[in-house]
Amino acid sequence: MLRVLRGVIALASTLWASSGALLAQEPPATSYVGRQVVSIAIAVEGRPSTDPSLFDAVQVKLDRPLDMQDVRETMTHLYTLGRFDDVQVEADGAAGGVAITIALDPIHVVTRVEFRGDLGLAEGLLRDRMTERFGATPPLTRADDVAAALQDLYRDSGYMTGVVKAAPPVLEHQPEQATMVFDVSPGPRALIETAKVTGTPLEAAARVEQRLRIAPGEPYQSGDLRTRLADYVTWMRRRGYYEADARQLEARRNADQTRVDLTIDVRPGPLVSVQFTGDPLPAGKRAELVPIESEGSVDQDILEDAAHRITAYLQQLGYWKADVPAPDRRQEGDTLAIIFHVERGPLFSVAPGGVQVNGVLALPPEVLTSILKRLPPGAPFVNSELGAIEGAIKQEYLSRGYAGVEVLSQPNQVGASLVQPAIVVKEGPLVHVGTVTVHGNETLAVKDLLDKPALRSGQPYDASRVAQARDEMTAQYQNLGFLTADVSVPPPTSVADGTGARADIVFQVREGPQTRVEHIFITGNVRTDQNVIRRELRIAEGQPLGAQALSETRRNLAALGLFRRIQINSVSHGEPGRSDVIVSVEEAQQTTIDYGGGLQVERSLREDVNGNPTQVYDFAPRGFFEVGRRNIGGKNRSANLYTRFGLRPSTDPTDHSAFGFSEYRVVGTYREPRAFHAYGDLTGTAAIEQGVRTGFNFIRKGVNADLSRRLSDKVRVSGQYAFTTTRTFDVFLDKEDLLAVDRVFSQVRLSSFAGAISRDTRDDLIAPQHGTLLSADGTLAAQAIGSEVTFVKVFLQGFVYQSLGHPNLVFAGGARLGAARPKQEFVEGQLVRDLPASERFFAGGDSTIRGFARDSVGTPPTLTTEGFPLGGDAEIILNGELRMPVKGPFGAVVFVDAGNVFSNVADLNLTDLRTSLGFGGRYRSPIGPIRIDIGFPMDRRFVGETSTLEKRYQIHFSMGHAF
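Keep in mind that this is a model prediction, so the values were computed, not measured.

J.: What is the right way to read the pattern of salt bridges from this model?
T.: Side chains bearing opposite charge may pair, as long as their charged atoms lie close to each other. By the definition in use, this model includes 51 salt bridges. Across the salt bridge formed by Arg226 and Asp156, the nearest N and O atoms sit 3.4 Å from each other. With a gap of 70 residues between them, Arg226 in helix 7 (residues 222–237) and Asp156 in helix 5 (residues 143–156) connect regions that are remote in the sequence. Residue Arg374 is joined to Glu385 by a salt bridge in which the shortest nitrogen-to-oxygen separation is 3.0 Å. Of this pair, Arg374 sits in the loop between helix 11 (365–372) and helix 12 (383–399) while Glu385 is found in helix 12, placing the two residues eleven residues apart along the sequence. A relative accessible area of 45% places Arg374 in the partly exposed class. Classification of Glu385 by relative accessible area gives partly exposed; the value is 22%.

J.: In this structure, what is going on with a nonpolar patch on the surface? I would like to understand it.
T.: Together, Val894, Val896, Leu917, Phe919, Phe936, Met938 and Tyr953 make up an exposed nonpolar region whose accessible area comes to about 590 Å². Counting residues per element, the ones that place at least two in the nonpolar patch are strand 39 (890–902) and strand 40 (914–925). According to the relative accessible area criterion, Val896 is partly exposed, its value standing at 37%.

J.: Sorry if this is basic, but what is going on with empty space enclosed by the protein here?
T.: In this approach, a probe sized like a water molecule rolls over the atoms, and the result shows the empty space that is left. Considering all chains together, one arrives at three cavities of 30 Å³ or more under this definition. Volume-wise, the largest cavity comes out at about 180 Å³. Lining the largest cavity are 17 residues, with Asn808, Arg883, Arg922, Arg924 and His961 sitting closest to its centre. Put simply, the parts of the chain that give the lining of the largest cavity at least two residues each are strand 38 (874–887), strand 39 and strand 40. The leading source of residues in the lining of the largest cavity is strand 39, at four residues. In terms of residue class, the lining of the largest cavity is built from ten nonpolar, four polar and three charged.

J.: I tried to follow helix 6 (residues 205–212) on my own but got confused; where do I start?
T.: For an α-helix, the turn length of 3.6 residues means that residues three or four places apart are oriented alike. For helix 6, the full list of buried residues reads Val208, Glu209 and Leu212. All buried residues of helix 6 project into a common sector of 100° when viewed along the axis, lining one side. Residues of helix 6 that are exposed and point more than 90 degrees away from the buried face comprise Ala206 and Gln210. The inward-facing, buried residues of helix 6 contact strand 8 (191–199), helix 7 and strand 10 (259–267). Of the residues one or two after helix 6, Arg213 is the one with positive phi, at around 55°.

Reading guide: rules and limits
Residue indices follow the written sequence of each chain, beginning from 1 at its first position. For a predicted model such as this one, the threshold for reporting local features is a pLDDT of at least 70, and the threshold for listing and counting side-chain atom pairs is 80 or more; totals across whole chains, interfaces and linings nevertheless cover every residue. Only hydrogens and water are set aside when side-chain values are computed; all heavy atoms of the structure are taken into account. By definition, a salt bridge exists where a carboxyl oxygen of Asp or Glu is found within 4 Å of a side-chain nitrogen of Lys or Arg. Strands here mean DSSP runs of E at least two residues long; helices mean DSSP runs of H or I at least four residues long; both are numbered from the N terminus. For every residue, the accessible area obtained with a 1.4 Å probe (protein chains only) is divided by the maximum for its type, and the residue is called buried under 20%, exposed over 50%, and partly exposed between those limits. Residues enter patches when they are more than 30% accessible in relative terms and free of salt bridges; like-charged ones are connected within 9 Å and nonpolar ones (Val, Leu, Ile, Met, Phe, Trp, Tyr) within 5 Å. All accessibility values rest on the Shrake-Rupley procedure with a 1.4 Å probe; residue burial counts only the protein chains present in the view. In this analysis the probe radius is 1.4 Å and the grid spacing 1 Å, with only protein atoms considered; a cavity is a set of points the probe fits into but cannot get out of, a pocket is an open set with protein on both sides within 12 Å along at least five of seven lines, and lining residues have an atom within 4 Å of a point. Grid points are joined across faces, edges and corners, and a volume is the space filled by probe spheres set on the points. Just so you know the grouping, Ala, Val, Leu, Ile, Met, Phe, Trp, Tyr, Cys and Pro go in nonpolar, Asp, Glu, Lys and Arg go in charged, and all remaining residues, Gly too, go in polar. In this description, the arc belongs to the directions extending from the helix axis to the C-beta atoms. Two residues form a contact once any of their heavy atoms are found within 4.5 Å.

Dropping the structure here:
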């Protein structure tokens, strides 16, 4: 961080120096120096401005004598904003003093780019070329460069006389914006008159012309031709011609640039074969060890590296004295043989007794034994493993205070194929930390500097701990604005004492000047309210310019999601003790559109034509469309409309159409961060949904409002009000199987308040490696607030993720407990003491208990006699899985799931859980993990009271981890 800040300061100094020549000219206000300032006005292109950010940059103050230093600093600040081409300070005599007018000539920010004329090429191609090199909205100063790049594009596309010129921009005011305009005259497109193929191509000339698209009459596009030539070379090299080449030799054009005579030279070179002599290599490893095919080259460096790879591979297998020299190249006619001669020698193993270690007194035996496990007796001898053991022993000694330890290893051959590794340790004296002193510190006390690293006298001396203490001291100073602070530690001298040796540590501090923030200028925000940006700043005027505060500021601004680019620079005015901070942002597009599609596959419980339960796979194609508008009113508010539509098989057993039911969800969302005077984040949602549950279909409509507040980086609380109506239909359960609430309400109205608290320490929300997620939710619905039924509902969940010492090798565990208590009450003359179907708990499926069909798990009271789920008032879900990497983005899991659904809270019983075991595969795609799991129920039962046993296994295919 210090290096970055120093770079920023150097940049600022350069800016100051370059602006010096500009400011050296005395402003017109010079003759009024010393007179009282009675008024200050700012004019942008002659229009009066009251922009507070501009007046913040003005150092000339009312009711003070006019000072040229203030004038120069004012001009410097305004130039530093990066918003103005010219700054002039004008002074006029006025009653009682002098009136100051600051005239600003703004830089008009390009917000649009237009192309005029008969383009000839697709406008998208022009924009892509411009964006690739200059960005989507280049500054006006780069207009000629953009035009030149686009003219090159026309040349590459065959428009040899095409002209692209930058036209005068269209300027807009308040805010200052511009439309960059280009006039395009493509002219005629050149065509290929003749095409000639020379060299020794692998196929007929006509076929080469076809591949390269250079037949007479085709457009001549030199840019595309270069790409096709490169592809053709790749095609030849994939066929073993690794020295192949193809290039354009000549392109003669006629006088009016409309006809081109082409000559293409194709030289495949020799056909290359790779041969191995001597000892054999596994066929499956050859392409990996000798990557000629993947590299498409027989460059000498690649061949020598391949020889080293083979040697290292054999040595890792235990062929200690394997030797593979650089390969021979033998060319005969049109073929080239690359010959690797492999001499692997005997397979060496570790002699009985394992690694012999001498001189170890201070290490506990169990520590040494753990280290020596890398080379047990009888294992193949790998010299690099012996080196790793040597390093591990030395590091263990160093961490225990033996600063002068020496560790030497030696492999000794004791037979034709045995090695007796030996390690000799010279421990040296045990060194303790003696006195710890700090010199040169003035701002920070010694106890504060030494508190965090916790370096104490009497501890074993560890150089790495001393280096950590030095770095942490430097960071403390940087965070207080001492950007050039330096902390050094001279090598300590060990002094013998009664228990070994003592090392006195001295930290030498050079604090340097403390830099404070004089002004904070925000620029580039066209739509975003400046207060939205300022409340995310962790730096303040008059406060130290701390490295950590700058880092947190950048992170907070990025988290808003409003900007595509953020730059924070500090600009010094020649005095190291004060600096201005320029926060420059480039706003992202306000409107976002997203869409996509996919296929959902899950196993569901259905009723066959005879009324019996059966498990079937549902294949449901689905798509979504989403449009959002962010930063509404410049206050970081956003509105979003999300729609999802899918087609499912009909739940009617007599309907044999492939897709007989439409499933959809439409959600409108409004978000306002830091609502109600920054108390919390407000989210309002209105939704309508039609979907499928096992046993019935439903339509749900509702609105809710959620206010959440972050108590810390890890803890968040929220409160919510929700009003929903849910109508069930296509219920194929027998009437006597229905709960009372379902018989009374085919459509139920719910009005509820809810509260939640969560603590999240996961390092990643999609694929965490470590951390925990704990949450508790409570819901109250009551007739007093408009609900048709009354209940209390609680849902607790906890998940833990623990890395097992290897990237993507993770144990994940989870527990979920849900409980609800409905109030017994009379509704329409009938006693109701049940939860509505939409609020009951269900289990079984890809995200709860794998190995069972969706919603099919439950105790007998929560299932019909045919085995269809009714849901319950309580549930327990327990999950555990081991996530393992396989290769690249592919991984595997083994898992155990358990749980059940209970009719009442009083029925909760851990001895009545259903259990499944299984395994699965994972693929880390750019949009998240794609998974397939196969689960096996451990206690298969009959479905309801039927004679049908549950399936032996279930296959689940889904996106994201199960939990």
